[in-house]
Amino acid sequence: LSGTLRTEDDSPLDLSAARVALEPRSDTAPPSSAPVGAGGSFEIPFVPDETYDIFVTGAPEGSYLTSARIGGFDVLATGFQAESAALPPMELLLSLRGASVSGEVGDGPTRVALGATVALIPEPAVGRMHHYRMTTTDEHGLFAFRGVAPGRYTLLSWWDEPPCEIYALESLESCRRRGRNVELAEGEERFFGLRLSRPAP
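Now for a look at the structure at hand. Please read these numbers as outputs of a predicted model, since none were measured by experiment.

Quick notes on the sheet that holds strand β5 (residues 50–57)
Here we have four strands laid out as an open sheet, ordered β3-β2-β5-β8, and antiparallel in their pairing. The open sheet has two free edges, formed respectively by β3 (32–35) and β8 (80–82), since each of these has just one partner strand. Across the sheet, the axes of successive neighbouring strands diverge by a mean angle of 30°, strand direction being ignored. Across three bridges, β5 lies against β8 in antiparallel orientation. Residue pairing across strands places Glu-50 opposite Ala-82, the latter belonging to β8.

Quick look at the layout of surface pockets
Where empty space is left becomes clear once a probe the size of a water molecule has been rolled over the atoms. Space inside the largest pocket adds up to approximately 390 Å³. Along the wall of the largest pocket there are 21 residues; nearest its centre are Val-56, Ser-63, Tyr-64, His-130 and Arg-133. Within the residue set of the lining of the largest pocket, elements represented by two or more residues are β5, β6 (64–70) and β14 (142–148). Per-element tally for the lining of the largest pocket: the top contributor is β5, with four residues. Residues that form the lining of the largest pocket fall into these classes: eleven nonpolar, seven polar and three charged.

Examining the state of the cysteines
Going through the model one piece at a time under the given rule, you end up with one disulfide. Disulfide partner of Cys-164: Cys-175, at an S-S distance of 2.1 Å. With the S-S bond torsion at 115°, the cross-link from Cys-164 to Cys-175 turns out right-handed. Separated by eleven residues along the polypeptide, Cys-164 in the loop between β15 (151–158) and α1 (172–178) and Cys-175 in helix α1 bring together distant segments of the chain. Both residues of the pair, Cys-164 and Cys-175, belong to the buried class.

Regarding the pairing of strand β10 (residues 99–107)
For β10, the tally of buried residues reaches eight of nine residues, placing the bulk of the element in the interior. The pairing of β10 with β14 spans five bridges and is classified as antiparallel. Paired with Val-101 across the bridge in β14 is Phe-145. Bridging between β10 and strand β17 (residues 189–195) involves seven bridges; their strand directions are parallel. Looking at the pairing, Gly-106 lines up with Arg-195 of β17.

Some points on unusual backbone geometry
Residue Asp-49 is not a glycine yet carries a positive backbone phi of 65°. If you trace the backbone, Asp-49 turns up in the loop between β4 (41–43) and β5.

Overview of the environment of Gly-179
Position of Gly-179 relative to the elements: it lies in the loop between α1 and β16 (180–184). Separated by 99 residues in sequence, Gly-179 and Phe-80 place their C-alpha atoms 32 Å apart.

A word on the packing of aromatic side chains
As enumerated under the stated definition, the model contains four aromatic pairs in all. Note on Phe-46 and Phe-80: the rings are 6.4 Å apart at their centroids and 80° apart in plane angle, and the pair reads as edge-to-face. Of this pair, Phe-46 sits in the loop between β4 and β5 while Phe-80 sits in strand β8, and the two are 34 residues apart along the sequence.

Here's the deal with the environment of Arg-195
The residue Arg-195 is located in strand β17 in this model. When sequence neighbours within four positions are dropped, the list of residues in contact with Arg-195 reads Gly-106, Gly-108 and Ser-157.

Quick word on the pattern of salt bridges
Where charged atoms from two side chains of opposite charge approach closely, those side chains can pair. Using the criterion set out here, one finds nine salt bridges in the structure. For Arg-6, the salt bridge goes to Glu-91, with nearest N and O atoms at 2.9 Å. Residue Arg-6 is found in strand β1 (residues 2–7), and its partner Glu-91 is found in strand β9 (residues 90–95); the two are separated by 85 residues along the sequence. For Glu-91, a relative accessible area of 26% gives the class partly exposed. Between Glu-123 and Arg-176 there is a salt bridge, with the nearest N and O atoms lying 3.1 Å from each other. Separated by 53 residues along the polypeptide, Glu-123 in strand β12 (residues 117–123) and Arg-176 in helix α1 bring together distant segments of the chain. According to the relative accessible area criterion, Glu-123 is buried, its value standing at 10%. The exposure class assigned to Arg-176 is partly exposed, which follows from its relative accessible area of 26%.

Thresholds, definitions, all that
- Residues numbered from 1 in each chain as written.
- Predicted model: local features only at pLDDT ≥ 70, side-chain atom pairs only at ≥ 80, totals over all residues.
- Heavy atoms only, no water.
- Pairing = 2+ DSSP bridges.
- Helix = DSSP H or I, 4+ residues; strand = E, 2+ residues; numbered from the N terminus.
- Axes fitted to C-alpha atoms, helices over the stretch in contact; angles between N-to-C directions.
- 1 Å grid on protein atoms, 1.4 Å probe; cavity = no way out; pocket = protein on both sides within 12 Å on 5 of 7 lines; lining within 4 Å.
- Points joined across faces, edges and corners; volume = space filled by probe spheres on them.
- Nonpolar A, V, L, I, M, F, W, Y, C, P; charged D, E, K, R; others polar.
- Disulfide = S-S within 2.5 Å.
- Buried < 20%, exposed > 50% of the residue type's maximum accessible area, 1.4 Å probe, protein only.
- Phe/Tyr/Trp six-rings, centres within 6.5 Å; stacked < 30°, edge-to-face > 60°.
- Contact = heavy atoms within 4.5 Å.
- Salt bridge = Lys/Arg side-chain N within 4 Å of Asp/Glu carboxyl O.

Listed below in structure tokens is the structure:
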């Protein structure tokens, strides 16, 4: 599959660290990735008769993927079906106006949570797998996400085990009850104070 990666306004970018990745929705095909070359071009292998989600890693800080068009259709949310060995080129568009989410995680009234996991879970989760984000807190209990797509999210933090199944649709309501509901606009910067969530006894 050949294609190009560019910004919405065609502004020049350093894409030397960028890679395009395809994640199969079944476990019968391996994931695939390829570097982005000069002019934003890429060529990436795929397995026919598989459905893939599209990701871009190593893109400039603050950017996020807004669309993935192939054959005139945006397949970013639906995934693209590789029904044959010959596909039209794909056009990937980046926005440079991603939101920023940062904050501090506490464990009780006075302690900060060092090395805690923090997850940003998109709502709705269906078709937004590429918007899931995870990180860990630093020695001050601080965390940050850059280049977040606009939309609604649940912000959640834990230590050893997540308090809910963050990728299971039937468990997302449980995640919402234990986390912080967040709505982000393009280019917005937000700071949140979180408390560690623990699995229900």
